[in-house]
Amino acid sequence: MPSGSVKLQSIKKLGQENHSYEITDEEPAGPYMTMTTSKEDTGQCDKEQPAIRVGFFQLFRFSTCNEVLMMVLGSICAVLHGSAQPLMLLVFGLLTDTFIEYDIELNELSDERKECVNNTIHWKENYTDTMNQSHLGSMSCGVLDIEYEMTKFAFYYVGIGAAVFILGYFQISLWVTAAAKQIQLIRKIYFSKVMRMEIGWFDCTSVGELNTRMSDDINKINDAIADQVAIFMQRFTTFVCGFCIGFVKGWKLTLVIVAASPLIGIGAGLMALFVAKLTGMELQAYAKAGAIADEVLSSIRTVAAFGGEKKEVQRYDKNLISAQRWGIRKGLIMGFFTGYMWLIIFLCYGLAFWYGSSLVIDTDEYSAGTLLQVFFGVLIAAMNLGQASPCLEAFAAGRGAATIIFETIEREPEIDCLSEAGYKLDRVNGDLEFHNVTFHYPSRPEVKILDKLSVFVKSGETTAFVGPSGAGKSTAVQLIQRFYDPKEGMVTLDGHDIRGLNIQWLRSLIGIVEQEPVLFATTIAENIRYGRPGVSMDDIVTATKEANAYNFIMDLPQKFDTLVGEGGGQMSGGQKQRIAIARALVRNPRILLLDMATSALDNESEAMVQEALDKVRLGRTTISIAHRLSTIKNADVIVGFEHGKAVERGKHSELLDRKGVYFTLVTLQSQGDKALNEKARQMAENKEDAPEKLSLSRAGSYRASMRASIRQRARSQLSNLIPESSVPIVGELGPRAYAVSQADKSKNAIEEEDEEDPVEPAPVARILKYNLPEWPYMLFGSLGAAVNGGVNPVYSLLFSQILATFSVTDTVAQRKEIDSICLFFVMVGVVSFFTQMLQGYAFSKSGELLTRRLRRLGFHAMLGQEIGWFDDHKNSPGALTTRLATDASQVQGISGEALNNIRTIAGLGKERNFVDTYNAQLDVPYQAALKKANVYGGCYGFAQCVVFLTNSASYRFGGYLVSQEGLHFSLVFRVISAIVTSGTALGRASSYTPDYAKAKISAARFFQLLDRVPKISVYSDKGDQWESFQGNIEFIDCKFTYPTRPDIQVLNGLNVAVKTGQTLAFVGSSGCGKSTSVQLLERFYDPDKGRVLIDGRDSTLVNVPFLRSKIGIVSQEPILFDCSILENIKYGDNSRDISMDEVISAAKKSQLHDFVMSLPEKYDTNVGAQGSQLSRGQKQRIAIARAIIRDPKILLLDEATSALDTESEKTVQAALDKAREGRTCIVIAHRLSTIQNSDIIAVMSRGYVIEKGTHDHLMALKGAYYKLVTTGAPIS
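About the thresholds
Residues numbered from 1 in each chain as written. Predicted model: local features only at pLDDT ≥ 70, side-chain atom pairs only at ≥ 80, totals over all residues. Heavy atoms only, no water. Buried < 20%, exposed > 50% of the residue type's maximum accessible area, 1.4 Å probe, protein only. Helix = DSSP H or I, 4+ residues; strand = E, 2+ residues; numbered from the N terminus. Pairing = 2+ DSSP bridges. Axes fitted to C-alpha atoms, helices over the stretch in contact; angles between N-to-C directions. Parallel < 35°, antiparallel > 145°, perpendicular 65-115°, else oblique. Left-handed = near helix turned anticlockwise from the far one by under 90°. Contact = heavy atoms within 4.5 Å. Nonpolar A, V, L, I, M, F, W, Y, C, P; charged D, E, K, R; others polar. Core = buried A, V, L, I, M, F, W, Y, C linked by side-chain atoms within 4.5 Å. Patch = residues over 30% accessible without salt bridge, like charges linked within 9 Å, V, L, I, M, F, W, Y side chains within 5 Å. Areas by Shrake-Rupley, 256 points an atom, 1.4 Å probe, with all protein chains shown as cover. Salt bridge = Lys/Arg side-chain N within 4 Å of Asp/Glu carboxyl O. pLDDT = per-residue confidence, 0-100. Polar contact = N/O pair within 3.5 Å; in protein donor to acceptor, adjacent residues only side chain to side chain.

## Overview of the pairing of strand β22 (residues 1224–1228)
Consecutive residues of a regular strand have side chains that alternate between opposite faces of the sheet.
Turning to step 1, where the next piece is worked out: Burial of β22 is extensive: 5 of the 5 residues sit out of reach of the surface.
Turning to step 2, where the next piece is worked out: Covered by surrounding structure in β22 are T1224, I1226 and I1228 together with C1225 and V1227, the residues of both alternating faces.
Turning to step 3, where the next piece is worked out: By the bridge criterion, 4 bridges tie strand β17 (residues 1063–1067) to β22 in an arrangement that is parallel. Paired with T1063 across the bridge in β22 is C1225.
Turning to step 4, where the next piece is worked out: Both strand β21 (residues 1194–1198) and β22 contribute to a ladder of 5 bridges, which runs parallel. Across the sheet, residue L1195 finds its bridge partner in β22, namely C1225.

Spelled out as structure tokens, the structure:
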């Protein structure tokens, strides 16, 4: 490239200004042509940045005029409401003065020497001479009707109370309603934005994390923009008005008090700051633990097979510990600052009353009522400022949560699948070309996948991509679909750079059939309809006929309305594949991409599907990635890939002459098949086409690309073969969680039966029992809490005492009493400081320890359940992870569905559909929120006005008692303030009751899980264990149905035996029960009838961990964990510490060592979520090393080499042959070349063995096996 670079932005439609090209004069920094101006390099998935990057007012950026109006009105109500309490103080001051005046009059008249004459107090006649009467002249008497005065004040209170009720209602309901509307919009926008993100973004973002964001984080934003704002405004107004009253009524005292108040402000500010920071840290740790739980639950079969349960619980616990640490620190800090604030407040009390009393008594500047107005004005102001601080915490949490959500919303996807920009060509020829394309995955920028790849694919021709796994074949296909854009170079369609084309239009031209098709949890018809919206039933039928799927669909009870289960879990591999082909065909695509489309099928289905594909290829540009010669030979052009480059192209014969990559692959493959072909050929009376039909050898480069962050949730150890049965399966059988999108609920009657069972709330005693180890913390915490609870009543006692002193007439006694009360205030403050701190620390410590203990126990209990439990859709990984954290929310389910299969959705251009479905789901929570707004508003208004009404009644009655019953007025204040403070405390406690009830229900659900006794227990020590484990296995008349689908018989009386050191091979078309028998041996399930004998002992009596420790498994679709290669290999034996030498030797045996050493980080290389950073062959070899390190007596190979190209397959096969020596081995295969030298070959159909024997014996029988070998005919 020259020194100036051209940057292709995006192409606008006609008539718009075209800013598509941005010309720069400096050297190009990296990519020379890219569609994006995004500055961020997706390669670095995590960058250290401050946790909160959203301003408070930015939280409201999605509000419309309506909402703004509601918020303004709500704010006005909040402000008026806030001024009510200071207003009440004015009334209160007058009321106090009235009482004191009345009391002084009573005191004066209680002196027998005085009397009331003409409303003035006089000395009685006979004392006039002796006493100086100067000070009596002005004292009035008999004017004050205390009851009348109190009635007047009572009406003031009632009036204020009524206003408060109305204002409180509107303030809350308007804000909550406005927030509900904004939140609904944020959810819609966020979800649709996530659906628009390019695939590379998903490589860097885990699905579990997105689900958390959609539920928890958006709820936090809601908390920050709803009622909390109104309450904050109300309290802030009270703060301002309180100070105003203070300054107007008595500025001297106000200044004295204010001098101390910055101390409170500083405390509140620091507390909010620390809490926000610590909460962020705690949430991060919990999110990490959640991701681990999700990964483990999704791979439960692998965990069970390798006995990793305890190890996983520890790994989970490790992250909980750090969350706990942050939580405890948060509690301590909150306790410290709360105590500090109470200390300052009580010191202020002492100071204010001491100084204020001198202003009342010594200088006569204030009346006692004024003193109270000033003091309470400032006090209420300060208290409300303090109470406003929890709101600040909610705002901080909301801003923190909004940071990532808004950044996602703002982030321009590098490849925007919903963008309207870009050309749509009038006619499409279908010529595809790669020009010098270089590419690496965003999540692994250091590994080059394509290296200056140049390939031309001619329109209307079939081009086959061949080459070893990891050579970049699947990646090239993904660039055609624009899942990713190349870092350098370009891909063109008919000479146009595809980055300039409209992306939805481009994808609508492409039909793709993958090795592991993703189906959605809905009906077969709907799945096919995803290919093209609005397609008629006739077209669907035609497509299924072309894809050879029609017959098996019509055999199902519900035909096209059969639900396929999540990820297609209810269908066998071949059935899923054919549905996917029908889905691709219904699009009538110009370009057909076949990525190993037939590799997961048995011979019979493969022949049918291949024939279907050959039909539909005509006239279309087709790219086929495959390893089977039968698939490739007919291609018009074959392109050989190696190390991300196209190293050769030509026809079959030309390439054989070239003796390059293709020649090597072919030779290796045909040598492997030669012996088998020879025999078959002789027996098939020299049929011409035998060799071609018999190139049964299968290999397949795993799409290194099918990045796991987006793969089906529960991709399980035993891949798509698990839910096998005689009848193709309709319901929820399989390893995969069975989820039904809400939209289908109405159609799905099964759903209603097993809705959540209602749970009885758990007894508190049992919850506390789990907290027992923390009893010292609980004890001290409760002690602290009790003392803190006593502060309010003590305060009301002191307060009434001070009032009483104002009516004492002896000044010396008065002064002394006041000083001692002020001193008492100081003591209460100091005690309060320590007890608050004690309470904060002790309760957070015991609470966090309990949370961690319960989460760990819950996770431990989950991992201890039998596999059948996980088959139930209520226990899908998503639901369980949420259950560990909170209780599952409806909306979360559907968002997780869509996000997991983002790749397929993108390929089908179906993002909009999922966004619409999601939006429809949002209506229910939105309606609920509106209802809540009114109820909550009413309750809030009532709660706020109750205080005014009680005061009104109490003072009126108090006036009566003082006047009629001679009660001292200070007692009226003492009783009222004690009752009001206790009442508000009770109110505050009762506001915890919903949480408390919720906690009891959650706990009950939790205990249900803990109490559930698994049918097959992993943690128990019971069961036989013996020294000389041989590995003799016998299935005797085993019958079995999957627990979630009791109506479908999977095994129908299986009888087969294998002795120590022998190899037993199961053969049969998909869905005949091969993998199920392996699962019975592992004791993932137990047979319904019949027995599985191991060394002559019934498997149900054998200790589960002991049995599994003797079995090693290598499956077709190995699950790796998101950690290093080293840790993944060590996972093979979790019962001991494994040395590095052992790991290396296992890696060498599985032909893995050299590859690992070529990586930058060698054995410490992270494999990505579910091994997504590795090619399929590499994953497979890690899985073999993992099985070898276990040194098992029994080896289970489930299609173990089908994922490999021929070259790796030879080496891996050699490794497996070596690993088999001296071990009992069970192989499940569709490919006959791998099993012909097995000791026993058992041919299965419909759940039982139809014939068994050695290869020669079965060929001589000329039965099903013979037919299968020679013609690929149906077995049954």
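Still to come is the rest of the account.
## Here's the deal with the packing of helix α1 (residues 65–82) against helix α3 (residues 146–196)
Turning to step 1, where the next piece is worked out: One way to put it is that α1 packs onto α3 with a least axis distance of 8 Å and a crossing angle of 150°. Compared by their axis directions, α1 and α3 come out roughly antiparallel. Both α1 and α3 take part in a crossing whose hand is left-handed. For the pair α1 and α3, the contacting residues are E67, M70, M71, L73, G74, S75, C77, A78, L80 and H81 in the first and V164, L167, G168, F170, Q171, L174, W175, T177, A178, K181 and Q182 in the second.
Turning to step 2, where the next piece is worked out: Looking at the contact of α1 with α3 residue by residue, the classes come out as 12 nonpolar, 7 polar and 2 charged.

## Digging into the nonpolar core
Turning to step 1, where the next piece is worked out: Ranked by internal contacts, the top residues of the largest apolar core, which has 70 residues, are F92 and Y955.
Turning to step 2, where the next piece is worked out: The residues touching Y955, leaving out its near neighbours within four places in the chain, are F92, L95, F99, M150, Y157, V972, F973 and I976.
Turning to step 3, where the next piece is worked out: In terms of nonpolar packing, the next biggest core, distinct from the first, is built from 64 residues, F1040, I1094, I1113 and I1226 among them.

## Overview of a nonpolar patch on the surface
Turning to step 1, where the next piece is worked out: Among the surface-exposed residues, V68, L69, V72, L73, I76 and L80 lie close enough to one another that they form a single nonpolar patch of about 510 Å² accessible area.
Turning to step 2, where the next piece is worked out: Overall, L69 belongs to the exposed group, its relative accessible area being 51%.

## Quick look at the side chain of S357
Turning to step 1, where the next piece is worked out: Note on placement: S357 falls in helix α9 (residues 309–361).
Turning to step 2, where the next piece is worked out: Here S357 falls in the buried class, since its relative accessible area comes to 1%.
Turning to step 3, where the next piece is worked out: The residues touching S357, leaving out its near neighbours within four places in the chain, are A352, D362, L371, F806, R815 and I818.

## Topic: the sheet that holds strand β14 (residues 645–650)
Turning to step 1, where the next piece is worked out: Spatial strand order, β10-β11-β12-β7-β13-β14: 6 strands in an open sheet with mixed pairing. Whereas interior strands pair on both sides, the edge strands pair on one side only; in this sheet they are β10 (510–513) and β14. This sheet shows a mean twist of 20° between the axes of neighbouring strands, independent of strand direction.
Turning to step 2, where the next piece is worked out: Across 4 bridges, the pairing between strand β7 (residues 462–466) and strand β12 (residues 621–625) is parallel.

## As for the packing of helix α2 (residues 84–110) against α3
Turning to step 1, where the next piece is worked out: Interhelical geometry of α2 versus α3 gives an angle of 170° and a closest axis separation of 11 Å. Put simply, α2 runs roughly antiparallel to α3. In contact with A84, L87, M88, V91, F92, L94, L95, T98, F99 and Y102 of α2, α3 contributes I146, E149, M150, F153, Y156, Y157, I160 and V164.
Turning to step 2, where the next piece is worked out: In terms of residue class, the contact of α2 with α3 is built from 16 nonpolar, 1 polar and 1 charged.

## Section: the confidence of the model for the chain
Turning to step 1, where the next piece is worked out: In this model, the chain carries an average pLDDT of 75, and 79% of its residues clear a pLDDT of 70 or more.
Turning to step 2, where the next piece is worked out: Mean pLDDT across the secondary structure elements of the chain bottoms out at helix α22 (residues 749–753), with 32, and peaks at α1, with 92.
Turning to step 3, where the next piece is worked out: Under a pLDDT of 50 for its full length, residues 1–47 has, in the predicted model, 76 contacts with residues more than four places off or in other chains.
Turning to step 4, where the next piece is worked out: Residue range residues 1271–1276 is modelled with pLDDT below 50. Its contacts to residues more than four positions away, or to other chains, number 17 contacts.

## Structural notes on the side chain of S63
Turning to step 1, where the next piece is worked out: Within the secondary structure, S63 is located in the loop between β2 (21–24) and α1.
Turning to step 2, where the next piece is worked out: Looking at S63, its side chain comes within polar contact range of the main-chain oxygen of F60, at 2.7 Å.
Turning to step 3, where the next piece is worked out: Discounting chain neighbours no more than four positions away, the residues touching S63 are V68, M71 and Q182.

## Focus: the sheet that holds strand β15 (residues 1033–1040)
Turning to step 1, where the next piece is worked out: With antiparallel pairing, 4 strands are arranged side by side in an open sheet as β16-β15-β18-β19. Pairing within the sheet leaves two strands with one partner each, and these edge strands are β16 (1051–1058) and β19 (1097–1098).
Turning to step 2, where the next piece is worked out: When β15 meets β16, the two strands line up antiparallel, connected through 6 bridges. Across the sheet, residue F1035 finds its bridge partner in β16, namely V1056.

## Some points on unusual backbone geometry
Turning to step 1, where the next piece is worked out: Unlike most non-glycine residues, D1095 shows phi in positive territory, near 50°.
Turning to step 2, where the next piece is worked out: Tracing the backbone through its elements, the reader meets D1095 in the loop between β18 (1089–1094) and β19.
Turning to step 3, where the next piece is worked out: Residue classification places D1095 among the buried residues on the basis of a relative accessible area of 18%.
Turning to step 4, where the next piece is worked out: Phi is positive for D1191, which is not a glycine, with a value near 50°.
Turning to step 5, where the next piece is worked out: Tracing the chain through its elements places D1191 in the loop between α38 (1176–1189) and β21.

## Details of helix α11 (residues 473–480)
Turning to step 1, where the next piece is worked out: In terms of burial, α11 is a largely internal element, 8 of the 8 residues being buried.
Turning to step 2, where the next piece is worked out: Regarding α11, the residues found buried are K473, S474, T475, A476, V477, Q478, L479 and I480.
Turning to step 3, where the next piece is worked out: Positive backbone phi, approximately 60°, marks R482, located one or two places after α11.

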